[in-house]
Amino acid sequence: MNTTFSKIGFILAVAGSAVGLGNAWKFPTMVGQNGGGAFIMLFIALTLAVGFVIFLCELYIGKKSQLDPVGAYYKLASKNKKLWSLVGFTMIGALLIVSFYSVIIGWIVYYIYFSIKTLFSFASFNTDIKQNELIFNNLLSNDLTSVIICFSIVFFMSFYIVSKGVKNGIEKMNVFMMPALFILLLLMLIYSMNIDGFFKACEFLFYPDFSKLNENSILNALGLACFSLSIGAGSIITYSASLPKKTNFISSTLYIVFINLLVGLMMGLIVFSFIFEFGANSNEQGAGLIFISLTSLFAKLGILGSILAILFFIALFFAGITSAVSMIEPFCFFLINRFSFSRKKALILIGFIVYFLGICCILQGRIFDILDYISSNIIMPFGAFFATIFVGYFIKKEDLYAEFSPYLKKSLFELWYFFARVIAPLAVIIIAFFNFYKG
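This write-up is about the structure you can find in this document. (Residues numbered from 1 in each chain as written. Predicted model: local features only at pLDDT ≥ 70, side-chain atom pairs only at ≥ 80, totals over all residues. Heavy atoms only, no water.)

**Regarding the packing of helix α6 (residues 92–119) against helix α17 (residues 365–394)**
The relative placement of two packed helices is expressed as an angle between their axes plus a distance between the axes. Spelled out, the test is: Note on method: axes are straight lines fitted to C-alpha atoms, helices fitted across the in-contact stretch only, with angles between N-to-C directions ranging 0 to 180 degrees. Runs of H or I in DSSP of at least four residues are treated as helices and runs of E of at least two as strands, each being numbered from the N terminus. Any angle from 65 to 115 degrees is called roughly perpendicular, while one under 35 is roughly parallel, one over 145 is roughly antiparallel, and all others are oblique. Left-handed is the label given to a crossing in which the near helix is rotated counterclockwise from the far helix by less than a right angle, and right-handed is the label when the rotation is clockwise. In what follows, a contact means two residues having at least one pair of non-hydrogen atoms within 4.5 Å. The classification used treats Ala, Val, Leu, Ile, Met, Phe, Trp, Tyr, Cys and Pro as nonpolar, Asp, Glu, Lys and Arg as charged, and all other residues, Gly among them, as polar.
The interhelical angle for the contact between α6 and α17, taken along N-to-C directions, is 135°, at an axis separation of 9 Å. The orientation of α6 relative to α17 falls into the category oblique. Both α6 and α17 take part in a crossing whose hand is left-handed. Counting all contacts with α6, which are made through Gly 93, Leu 96, Ile 97, Ser 99, Phe 100, Val 103, Ile 104 and Trp 107, the residues of α17 involved are Phe 368, Leu 371, Asp 372, Ile 374, Ser 375, Ile 379 and Met 380. Across the contact of α6 with α17, the residue classes tally to 11 nonpolar, 3 polar and 1 charged.

Below, the structure written as C-alpha cells:
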C-alpha cells in the first residue's frame, strides 16, 4: 500500500484538515463581532507571524522523523526521549474532536436530507427564525434516532476512507472533495454577487475600521490564526510523515494557508451577503448562524433557496469530512507503527472509542461541551506549545537550517527561528490563558 502523498495530495489533504466547519461559522462569527475588514487584516498578519511558524515546526517533526507523533518525538529527541514522546499523545485530542465533530457533521447530513425534502415540497424551512430554532432544537432533543443515524453515516464514511490508506483513501478523497467544495462555494458566491447584500458584505469584509478592534479582537484573531491550521492535534505531524522528501514544504505551507484563508473569505462573503440582504443578525454565533439564521434566509427564496441550501450543506459536509478524516489518522498511524497493528485492527479499536464518545455526546450535551473544552483549550494548546519549544530549543539550529536552506533564504530562516523560539510559544500561552479565563 502506497503510504506517500503526492505534492498536490499533501497540500489538499492538509488544507482539508484545516478547512473545516470553523470556516463556515467561527470565521464569519468572529469577523462579524470584531470589526469586519480590520479583524481580517489582523488575522492574516497573525496567521503568518504565529500560525505559519508553528505549522512549520510540526511539519519539520513529521517530515524528519517519518513517524507518528509519539514515535517522532522519541526519535528526534536527543535526551529525555520517553518524556518527549508523551507530548505526541496530544493526538488523543484529535480522537476527542472527531467524536463530537462527527455529531455536528451528522446534523449537516440531516439538513442536506431536509433541504432535498423542501425542494420537492415534502418539508419546508420557515422564514421565522424562532420556528427554525424550534426545528433545530427538536432535532437535538426529540429526534435522537435521526441524529444517531446521521452520525453513524458520517462515522462509517470517515473510517472507510481512512481504511483505504494515505494514497488510496485520504489523498483520493481530498483530491475530489476540496475542488468540489471550492466549486460549490463558487456557485453560491456567483449567486451572492447578484444580490444587493453582496456589496454591503464586501464593504464590511474588506474595508477596515480599526476603531472597532479591541484587546479581545486581538486575542480572538490570535486564537483563530493558531488553530485554524489544525496545529496541536497531531494531524500535521502525521500527514508530514508521508510527505515526499524533495517537496518544497515552505511553498506547500503557503498554499495551505492561502486555501484556508480563501475558503474562509468565500464563506464570509456568502454568509454576510444573505445576512445583509435580509437584515438578519450578523452577531449570531456557532450552529445558530448556519442551522437557524441562514435556513430562515433560504426559506425566503422558495425553490431557489432549497437549491442553495442543498449546495451549501453539501459544501459544509465536504469541509467537515476532510477534517474528520485527518483527526483519525494520527492514532491509527501510531498503532500501526508501535504495535504492528493492521490498519483494519487499528481502526476497529479507534472506531469503538470514537463511536462510544459520539453517542455519549448525542445523549448528553454536557459531554459534548466537556470534550470540546478539553481538546480545544487544553490539549491543542499544549501540543502546539511543546512543538515550538521542541523545535526551537531541542533541535540543533544547523540541522534545522539544513532542512530549510534549499527553500528559504538565511535571513528569513533566522526570522522564522526567532519567532519559533520566542513569539509563537508566548502567543500560545496567551491564548491558553485567555481561553481558560473565558471558560
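**Thoughts on the packing of aromatic side chains**
Heads up, the condition is: In summary, the pairing rule links any two rings of Phe, Tyr or Trp, Trp by its six-membered ring, whose centres are within 6.5 Å, and it sorts them by plane angle into stacked for under 30 degrees, edge-to-face for over 60 and tilted for everything else. Relative accessible area decides the class of each residue, using a 1.4 Å probe on protein chains only: under 20% of the type maximum gives buried, over 50% gives exposed, and in between gives partly exposed. For a Lys NZ or an Arg CZ to count as sitting over a ring, it must be within 6 Å of the ring centre and within 35 degrees of the ring normal.
Per the counting criterion, the structure on display carries 53 aromatic pairs. Where Phe 89 meets Phe 334, the ring centres are 5.5 Å apart and the plane angle is 75°; that geometry is what we call edge-to-face. Taken together, the residues Phe 89 in the loop between α5 (81–87) and α6 and Phe 334 in helix α15 (residues 302–339) connect sequence positions 245 residues apart. For Phe 89, a relative accessible area of 29% puts it in the partly exposed group. With relative accessibility at 4%, the residue Phe 334 sits in the buried group. Between the NZ or CZ atom of Lys 345 and the centre of the ring of Phe 341, over which it lies, the distance is 4.5 Å. The ring of Tyr 401 carries Lys 410 above its face, with NZ or CZ at 4.9 Å from the centroid.

**Observations regarding helix α11 (residues 215–227)**
To keep it simple, the criterion reads: Every helix has an expected span of 1.5 Å times one less than the residues it contains.
Spanning 13 residues, α11 covers 19 Å between terminal C-alpha atoms, matching the ideal 18 Å at 1.5 Å per step. Summarising burial for α11: 10 of the 13 residues are buried, a large majority. Listed as buried for α11 are Ser 217, Leu 219, Asn 220, Ala 221, Leu 222, Gly 223, Leu 224, Ala 225, Cys 226 and Phe 227.

**Quick word on the environment of Phe 206**
Along the chain, Phe 206 falls in helix α10 (residues 197–206). The exposure class assigned to Phe 206 is partly exposed, which follows from its relative accessible area of 46%. Linking Phe 206 and Met 41, residues 165 residues apart in sequence, is a C-alpha distance of 8.7 Å. Phe 206 has contacts with Gly 37, Leu 265 and Leu 269, leaving out every residue within four places of it along the chain.

**Let's talk about the packing of helix α3 (residues 37–65) against helix α4 (residues 69–76)**
For the pair α3 and α4, the least separation of the axes is 9 Å and the interaxial angle reads 80°. Considered as vectors, α3 and α4 are oriented roughly perpendicular to each other. Here Ile 61, Lys 64 and Ser 65 of α3 come into contact with α4, specifically with Ala 72, Tyr 73, Lys 75 and Leu 76.

**Structural notes on the pattern of salt bridges**
Opposite charge on two side chains makes pairing possible when the charged atoms of those side chains draw close. Note the cut-off: Salt bridge, as applied in this entry: a Lys or Arg side-chain nitrogen positioned within 4 Å of an Asp or Glu carboxyl oxygen.
One pass over the structure, following the stated rule, counts 6 salt bridges. Between Glu 403 and Lys 63 there is a salt bridge, with the nearest N and O atoms lying 2.8 Å from each other. Here Glu 403, found in helix α18 (residues 397–404), pairs with Lys 63, found in helix α3; they are 340 residues apart in sequence, far enough to count as distant. Summarising the burial analysis for this pair, Glu 403 and Lys 63 share the class buried. If you follow the salt bridges from partner to partner, you end up with Lys 63, Lys 64 and Glu 403 in one network.

**Details of empty space enclosed by the protein**
Condition: Here a cavity denotes a set of grid points, spaced 1 Å apart and computed over the protein atoms alone, in which a 1.4 Å probe fits but from which it cannot get out, and a pocket denotes an open set meeting protein on both sides within 12 Å along at least five of seven lines; residues with an atom within 4 Å of a point are reported as lining. Grid points are joined across faces, edges and corners, and a volume is the space filled by probe spheres set on the points.
All chains considered together, the criterion is met by 2 cavities of 30 Å³ or more. As a volume, the largest cavity reaches approximately 40 Å³. Glu 58, Pro 69, Tyr 73, Thr 90, Gly 232, Ala 233, Gly 234, Ile 237, Gly 383 and Ala 387 are the residues that line the largest cavity. Residues belonging to the lining of the largest cavity are distributed by class as follows: 5 nonpolar, 4 polar and 1 charged. The computed volume of the second largest cavity comes to approximately 30 Å³. If you trace the second largest cavity, you find it lined by Phe 43, Ile 44, Thr 47, Val 257, Asn 260 and Leu 261. The set of elements that each furnish at least two residues to the lining of the second largest cavity consists of α3 and α13 (249–278). Tallied by class, the residues present in the lining of the second largest cavity amount to 4 nonpolar, 2 polar and no charged.

Any functional reading would require information that these geometric values do not contain.
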